[in-house]
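Breakdown of the fold
Each chain is listed here by its residues.
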Amino acid sequence: MLNENFYQSIDHTAHPFVIVNGSEYQKAALITANHDLRPCEQLINGALGLCGESGECADLVKKCFMQGHQLDADHIAKELGDCMWYIALIADAIGYDLSEIMQMNIDKLRARYPEGFAVDRSVNRKKGDI
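Notes on the structure in this doc start here. Remember, predicted model here, so these are calculated numbers, not experimental data. (Residues numbered from 1 in each chain as written. Predicted model: local features only at pLDDT ≥ 70, side-chain atom pairs only at ≥ 80, totals over all residues. Heavy atoms only, no water.)

Looking at the element boundaries, Arg38 is found in the loop between α2 (22-30) and α3 (39-67). Given a relative accessible area of 48%, Arg38 falls into the partly exposed group. For Arg38 and Ala93, which are 55 residues apart along the polypeptide, the C-alpha to C-alpha distance reads 8.6 Å. (Helix = DSSP H or I, 4+ residues; strand = E, 2+ residues; numbered from the N terminus. Buried < 20%, exposed > 50% of the residue type's maximum accessible area, 1.4 Å probe, protein only.)

Encoded structure:
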(Lines give C-alpha, C1' and ligand atoms only; values in the text may rest on other atoms or scores of the structure.)
Protein backbone atom coordinates (compact mmCIF):
# COMPACT_ATOMS: atom_id res chain seq x y z
CA MET A 1 0.00 0.00 0.00
CA LEU A 2 1.01 3.59 -0.40
CA ASN A 3 2.53 5.32 2.60
CA GLU A 4 -0.74 5.67 4.53
CA ASN A 5 0.15 8.83 6.48
CA PHE A 6 1.16 10.56 3.29
CA TYR A 7 -1.86 9.34 1.37
CA GLN A 8 -4.26 10.36 4.14
CA SER A 9 -2.85 13.89 4.08
CA ILE A 10 -4.06 14.32 0.50
CA ASP A 11 -7.18 16.43 0.06
CA HIS A 12 -8.90 14.59 -2.79
CA THR A 13 -11.46 17.38 -3.19
CA ALA A 14 -8.89 20.08 -3.92
CA HIS A 15 -8.75 20.01 -7.71
CA PRO A 16 -6.87 21.31 -9.53
CA PHE A 17 -3.75 21.14 -7.42
CA VAL A 18 -1.45 24.14 -7.50
CA ILE A 19 2.00 22.63 -7.53
CA VAL A 20 4.38 24.64 -5.39
CA ASN A 21 7.00 22.06 -4.41
CA GLY A 22 7.92 18.40 -4.58
CA SER A 23 5.65 17.47 -1.68
CA GLU A 24 2.62 19.01 -3.32
CA TYR A 25 3.49 17.37 -6.64
CA GLN A 26 3.85 14.02 -4.91
CA LYS A 27 0.46 14.38 -3.23
CA ALA A 28 -1.21 15.23 -6.53
CA ALA A 29 0.56 12.44 -8.41
CA LEU A 30 -0.27 9.77 -5.84
CA ILE A 31 -3.97 10.34 -6.29
CA THR A 32 -3.63 8.45 -9.57
CA ALA A 33 -1.49 5.62 -8.16
CA ASN A 34 -2.73 2.06 -7.71
CA HIS A 35 -3.51 1.97 -4.00
CA ASP A 36 -3.87 -1.82 -3.96
CA LEU A 37 -0.12 -2.37 -4.42
CA ARG A 38 2.07 -3.36 -1.49
CA PRO A 39 5.19 -1.17 -1.00
CA CYS A 40 7.44 -3.73 -2.72
CA GLU A 41 5.08 -3.89 -5.71
CA GLN A 42 4.85 -0.11 -5.77
CA LEU A 43 8.66 0.08 -5.81
CA ILE A 44 8.87 -2.42 -8.69
CA ASN A 45 6.14 -0.59 -10.62
CA GLY A 46 7.91 2.72 -10.06
CA ALA A 47 11.39 1.53 -11.01
CA LEU A 48 10.25 -0.28 -14.15
CA GLY A 49 7.94 2.56 -15.14
CA LEU A 50 10.75 5.09 -14.70
CA CYS A 51 12.99 2.99 -16.95
CA GLY A 52 10.29 2.85 -19.60
CA GLU A 53 9.52 6.56 -19.53
CA SER A 54 13.16 7.64 -19.46
CA GLY A 55 13.70 5.28 -22.39
CA GLU A 56 10.96 7.10 -24.29
CA CYS A 57 12.80 10.39 -23.60
CA ALA A 58 16.06 8.90 -24.82
CA ASP A 59 14.36 7.56 -27.94
CA LEU A 60 13.05 11.01 -28.85
CA VAL A 61 16.54 12.49 -28.49
CA LYS A 62 18.05 9.60 -30.49
CA LYS A 63 15.55 10.10 -33.31
CA CYS A 64 16.41 13.80 -33.44
CA PHE A 65 20.19 13.45 -33.50
CA MET A 66 20.59 10.10 -35.25
CA GLN A 67 17.59 9.79 -37.58
CA GLY A 68 16.86 13.34 -38.69
CA HIS A 69 13.55 13.83 -36.84
CA GLN A 70 12.52 17.24 -35.56
CA LEU A 71 13.12 17.67 -31.84
CA ASP A 72 9.70 17.58 -30.20
CA ALA A 73 10.29 19.46 -26.94
CA ASP A 74 6.60 19.22 -25.95
CA HIS A 75 6.69 15.44 -26.28
CA ILE A 76 9.91 15.25 -24.27
CA ALA A 77 8.38 17.49 -21.58
CA LYS A 78 5.39 15.13 -21.31
CA GLU A 79 7.68 12.12 -20.99
CA LEU A 80 9.66 13.97 -18.29
CA GLY A 81 6.36 14.49 -16.48
CA ASP A 82 5.76 10.74 -16.65
CA CYS A 83 9.27 10.21 -15.22
CA MET A 84 8.40 12.58 -12.38
CA TRP A 85 5.23 10.61 -11.64
CA TYR A 86 7.21 7.40 -11.27
CA ILE A 87 9.85 9.17 -9.16
CA ALA A 88 7.08 10.36 -6.82
CA LEU A 89 5.78 6.79 -6.62
CA ILE A 90 9.22 5.36 -5.85
CA ALA A 91 9.87 8.01 -3.21
CA ASP A 92 6.60 7.14 -1.50
CA ALA A 93 7.35 3.40 -1.68
CA ILE A 94 10.61 3.91 0.22
CA GLY A 95 9.05 6.31 2.70
CA TYR A 96 10.48 9.60 1.44
CA ASP A 97 8.88 12.92 0.71
CA LEU A 98 9.84 14.18 -2.76
CA SER A 99 10.82 17.62 -1.41
CA GLU A 100 13.18 15.88 1.01
CA ILE A 101 14.83 13.98 -1.85
CA MET A 102 15.12 17.16 -3.89
CA GLN A 103 16.81 18.93 -0.95
CA MET A 104 19.15 15.98 -0.36
CA ASN A 105 20.21 16.21 -4.00
CA ILE A 106 20.85 19.97 -3.84
CA ASP A 107 22.84 19.54 -0.61
CA LYS A 108 24.95 16.81 -2.25
CA LEU A 109 25.59 18.93 -5.34
CA ARG A 110 26.47 22.03 -3.28
CA ALA A 111 28.98 19.99 -1.27
CA ARG A 112 30.47 18.50 -4.44
CA TYR A 113 30.53 21.75 -6.42
CA PRO A 114 30.58 24.61 -3.87
CA GLU A 115 31.57 27.15 -6.54
CA GLY A 116 29.65 25.58 -9.43
CA PHE A 117 30.52 22.68 -11.71
CA ALA A 118 34.21 21.84 -12.05
CA VAL A 119 35.59 18.96 -14.12
CA ASP A 120 38.26 18.17 -11.52
CA ARG A 121 35.65 17.83 -8.75
CA SER A 122 33.55 15.62 -11.03
CA VAL A 123 36.44 13.30 -11.85
CA ASN A 124 38.07 13.29 -8.39
CA ARG A 125 35.18 12.82 -5.98
CA LYS A 126 35.61 12.31 -2.27
CA LYS A 127 35.24 8.77 -0.96
CA GLY A 128 31.53 7.95 -0.45
CA ASP A 129 30.32 10.74 -2.77
CA ILE A 130 27.61 9.00 -4.78
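Our next topic: the packing of aromatic side chains. Going through the model one piece at a time under the given rule, you end up with 2 aromatic pairs. Consider the rings of Trp85 and Tyr86, whose centres lie 4.9 Å apart with planes at 90°: the pair is edge-to-face. Each of the two residues, Trp85 as well as Tyr86, counts as buried. Plain terms: the ring middles of Tyr113 and Phe117 are 5.2 Å apart, the flat faces sit at 50° to each other, and that makes the pair tilted. On the accessibility criterion, Tyr113 (13% relative accessible area) is buried. (Phe/Tyr/Trp six-rings, centres within 6.5 Å; stacked < 30°, edge-to-face > 60°.)

This brings us to the pattern of salt bridges. Across all of its chains, the model carries 5 salt bridges by this definition. Between Lys62 and Asp59 there is a salt bridge, and its shortest N-O distance comes to 2.8 Å. Of the two residues, Lys62 and Asp59 both sit in helix α3, 3 residues apart, roughly one turn of that helix. With relative accessibility at 27%, the residue Asp59 sits in the partly exposed group. The salt bridge involving Asp129 is made with Arg112; its shortest N-O contact spans 2.6 Å. On the criterion of sequence distance, the pair formed by Asp129 in the segment after α6 (119-123) and Arg112 in helix α5 (residues 98-112) is long-range, its members being 17 residues apart. Shared partners join several salt bridges into a network, and the residues in it are Asp59, Lys62 and Lys63. (Salt bridge = Lys/Arg side-chain N within 4 Å of Asp/Glu carboxyl O.)

Look at α2 against helix α4 (residues 73-93): their axes get within 9 Å of each other, and the N-to-C directions meet at 95°. With respect to their mutual orientation, α2 and α4 come out roughly perpendicular. Contacts between α2 and α4 involve Tyr25, Gln26, Ala29 and Leu30 from the first element and Gly81, Met84, Trp85, Ala88, Leu89, Ala91 and Asp92 from the second. (Axes fitted to C-alpha atoms, helices over the stretch in contact; angles between N-to-C directions. Parallel < 35°, antiparallel > 145°, perpendicular 65-115°, else oblique. Contact = heavy atoms within 4.5 Å.)

On to the state of the cysteines. Evaluated as defined, the whole model comprises 0 disulfides. No disulfide involves Cys51; its nearest neighbouring cysteine sulfur is the one of Cys83, lying 9.5 Å away. Residue classification places Cys51 among the exposed positions, given a relative accessible area of 53%. Cys57 carries a free sulfur, and the closest cysteine sulfur to it, the one in Cys83, is 4.9 Å from it. (Disulfide = S-S within 2.5 Å.)

So, on to α5. End to end, α5 covers 21 Å across 15 residues, agreeing with the expected 21 Å (1.5 Å per residue, within 8%). Structurally, the start of α5 carries an N-cap: the backbone nitrogen of Ser99 is 2.9 Å from a side-chain oxygen of Asp97. (Expected span 1.5 Å × (residues − 1). Polar contact = N/O pair within 3.5 Å; in protein donor to acceptor, adjacent residues only side chain to side chain.)

Nonpolar side chains tend toward joint burial in soluble globular proteins. Judged by nonpolar contacts, Ala29, Leu30, Ala33, Trp85, Tyr86, Ala88, Leu89, Ala91 and Leu98 together constitute the single largest core of 9 residues. Secondary structure elements with two or more residues in this core: α2 and α4. Broken down by element, this core gets its largest block of residues, 5 residues, from α4. Every residue in contact with Ala91, bar those within four places of it in the chain, is listed here: Gln26, Tyr96, Leu98 and Ile101. (Core = buried A, V, L, I, M, F, W, Y, C linked by side-chain atoms within 4.5 Å.)

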